[in-house]
Amino acid sequence: MPVLPKLILRRLALGLLTLMVISVLVFAATEALPGDTASQILGKSATPERVERLQDQLGLDRPLIVQYFSWAGGLLRGDAGHSLVGIEVPVTQLLGSKVVNSAVLMLVAALMSIPVSLLLGSLSGRFRDGLFDASVSLGSLTFAALPTFVIGIALILLLATQILHVLPAVSRVQHSASIWSQMELLWLPAATLALASAPFIVRMLRGSMIEVLESDYVQMARLKGAPERIVLQRHALPNAIIPVIQVIALNLAWMAGGVVTVEYLFNYPGIGWALVDAVANRDVPVIQAIVLLVAAVYVTLNLIADILTILISPRLRTGLH
Amino acid sequence: MSANDSVSAGERRVDALDVSPDEALSETLGHDLEPSPARGKQRRRDWVQLPLDALHYRVTQAGLAISLFIVAMAVVGPYIAPYSPYEFVTAPYAKPSATAWLGGDNLGRDVVSRVLCGGRTVLSLSFIATAIGMILGVVLGLVAGYARTVINEVIMRGLDVLLAFPQIVFVLLIISVLGPQVWLLVLGVGVTLAPPIARVVYGVTVEIKERDFVMAAESLGVSHLKIAFTEILPNIVSPLMVEFGLNLTFAIGTIASLSFLGFGMQPPAADWGLMINENRVGLVIQPYSVFVPVTLIAILAIGVNLVTDGVAHAMIGIDRDTGSA
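Residues numbered from 1 in each chain as written. Chains lettered and ligands numbered in written order. Predicted model: local features only at pLDDT ≥ 70, side-chain atom pairs only at ≥ 80, totals over all residues.

K.L.:
Teacher, can you tell me more about the overall build of chain A here?
P.N.:
A count of helical and extended segments in chain A gives 13 helices and zero strands. Along its sequence from the N terminus, chain A presents helices and strands in the succession α-α-α-α-α-α-α-α-α-α-α-α-α. By the burial criterion, 37% of the 321 residues in chain A qualify as buried. (Helix = DSSP H or I, 4+ residues; strand = E, 2+ residues; numbered from the N terminus. Buried ≥ 20, exposed ≤ 12 C-beta atoms within 10 Å, placed from the backbone.)

Take a look at the structure:
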């Protein structure tokens, strides 16, 4: 078998295996509630009838392994069970629009942060140790340190309440309406995510740019007298692109976790907000579905990054290490 | 125990030839033995010299000043607070006045007092979480890097699974099981910090274990566990110091975030993250009860990150020195 498909297949298999282990872990964690699961979920004030109904509903009388396979099988068929809170809507129905909302948020944030930070990163790598590089470094050190919600609150104070009033304040999002009809509410959360994730891209690209510029082939191109523009365009940039793909995938993967605090802060109706809500209410099926979804997004993005890297980098493509 | 037998046989032969084990080994290897870089003075150098070197950088000085200011405030704060953090002093969301310099919070408690008392939790919890993460990561990384067997695979693949969750999602999953409890929060954050640390330690260990001083110790029959902790660990002190700083920054962020989400310290505790959660509804009327704790968390995180950056710079400096020497 040729090297390339073998490498990719192995990576795919590893990704699938990771997801399976994660699903077992998520299932086991939420089933590990001490004592009787149903009364734990319902709390002390639960009536015996309610506990019995929940036990029935969750199929808690069956062996754990049967419960796992019926849960996992349901997920594969697009059935994640029913929410335990309120009117007990199906989880998929509860989360459907929220998944879209979160995806839109992440995408807008990525579109805001990636181009700018790629530019900043490659420029500070190109003009290394200069004033520009120093200020970009200090800026990215600062923003990398800040918790996401701190950046969000700073933006609210700056743009929506205390100093300027250019953007709407936080709590006006209609959870029932589509996010497309209230796009103006997207900018602040997206900007927060973008600012929080940008430093990692900047620093990674700066590092890879420096590495490429110091490489033998760039030195060689300079030695043979190629003009600097050609050196950058033909020799440096194509090689600096490889980590960029990694960076974009990792950036989106990071946002899958970053949305939790941002959505809670801005009361934005996405899966992050739903997760916080579900944890507060101990809504087990919803927690399981969201955690698994986030992990799946995380694993898939890393998988895509790795496969693209295998396809692009000549050394891996030809199987030479 | 055939390995032990062969070693003692070797020692007997060495005695007979009247040469030291080191010389015998260097003969077998075909080149002079390279001593462990972290021995005696050098070992002290990493622990003491690296921070001292780091202090030459302005980033470190600035970061240290900032972080020490916050630490001092958290430690001394409760003694100089004008009121008890639980005492109702003003009307809810009262504006700053002579009695309450920064106004009141959502229940009319003094913002100054709550700020002064609210720093200890985030500082101590993130410090403990980082320590847990470091210990777990170092042990797992050392064992995986030094074991050449199934253990290696099991540990590293296990860490991959842990890495497939964003930190905060993993901690939320644990909290959803047992409810918001402080020990759980600290342990959860510690566990999520461990995989990247373990990867760093693993990488360095794999590299170092092939070097002569490790092989010399192995040939003398020193146990693998002892080699891992007495020969390899002292040589990874510098990267570990940088890791500690980085992870302290992460831990501060995650723990403050969880408090902000309402899953950290529980009311009526005075805690910066919780204060932000409780008072953000009143942001427009009384910004100080949110603005001050947010600023302090930001300053603390930035300070720690600046110090870490300085230490990282100093580490590269040390590497360059030994490289040219």
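K.L.:
Quick question: what am I supposed to make of the interface of chain A and chain B here?
P.N.:
One frequently used descriptor of interface size is the decrease in accessible area upon assembly of the parts. Every contact between the two is made by 38 residues of chain A and, on the other side, 36 residues of chain B. No other element matches helix α1 (residues 3-31) of chain A, which puts seven residues into the side of chain A that touches chain B. Of the residues that constitute the side of chain A that touches chain B, the class distribution is 30 nonpolar, seven polar and one charged. (Contact = placed C-beta atoms within 7 Å. Nonpolar A, V, L, I, M, F, W, Y, C, P; charged D, E, K, R; others polar.)

K.L.:
Please explain the packing of helix α12 (residues 237-261) of chain B against helix α13 (residues 272-279) of chain B as it appears in this structure.
P.N.:
Angle between the axes and distance between the axes: these two values describe a pair of packed helices. All names here are of chain B. Put simply, α12 and α13 touch, their axes get as near as 7 Å, and they point 35° apart. As α12 packs across α13, the resulting crossing turns out to be right-handed. Here A256, S259 and F260 of α12 come into contact with α13, specifically with W272, G273, L274, I276 and N277. Looking at the contact of α12 with α13 residue by residue, the classes come out as five nonpolar, three polar and no charged. (Axes fitted to C-alpha atoms, helices over the stretch in contact; angles between N-to-C directions. Left-handed = near helix turned anticlockwise from the far one by under 90°.)

K.L.:
Explain the nonpolar core here, please?
P.N.:
One broad trend across soluble globular proteins is that nonpolar side chains are buried collectively. Ranked by internal contacts, the top residues of the largest apolar core, which has 159 residues, are A:L275, A:I290 and B:I255. Once residues lying within four places of it in the same chain are set aside, the contact partners of A:I290 are A:L95, A:I271, A:A274, A:L275 and A:A278. (Core = buried A, V, L, I, M, F, W, Y, C linked by C-beta atoms within 7 Å.)

K.L.:
What should I look at first to understand the confidence of the model for chain B in this one?
P.N.:
Detailed reading of predicted coordinates is not advised where the pLDDT is low. All names here are of chain B. With 83% of its residues at a pLDDT of 70 or more, chain B shows a mean pLDDT of 82. Per-residue pLDDT stays below 50 along residues 1-17; that stretch engages in eight contacts with residues further than four places along the chain or on separate chains. The low-confidence segment residues 320-325 (pLDDT under 50) makes one contact with residues lying over four places distant or belonging to another chain. Confidence metrics for the complex model read pTM 0.84 and ipTM 0.84. (pLDDT = per-residue confidence, 0-100.)

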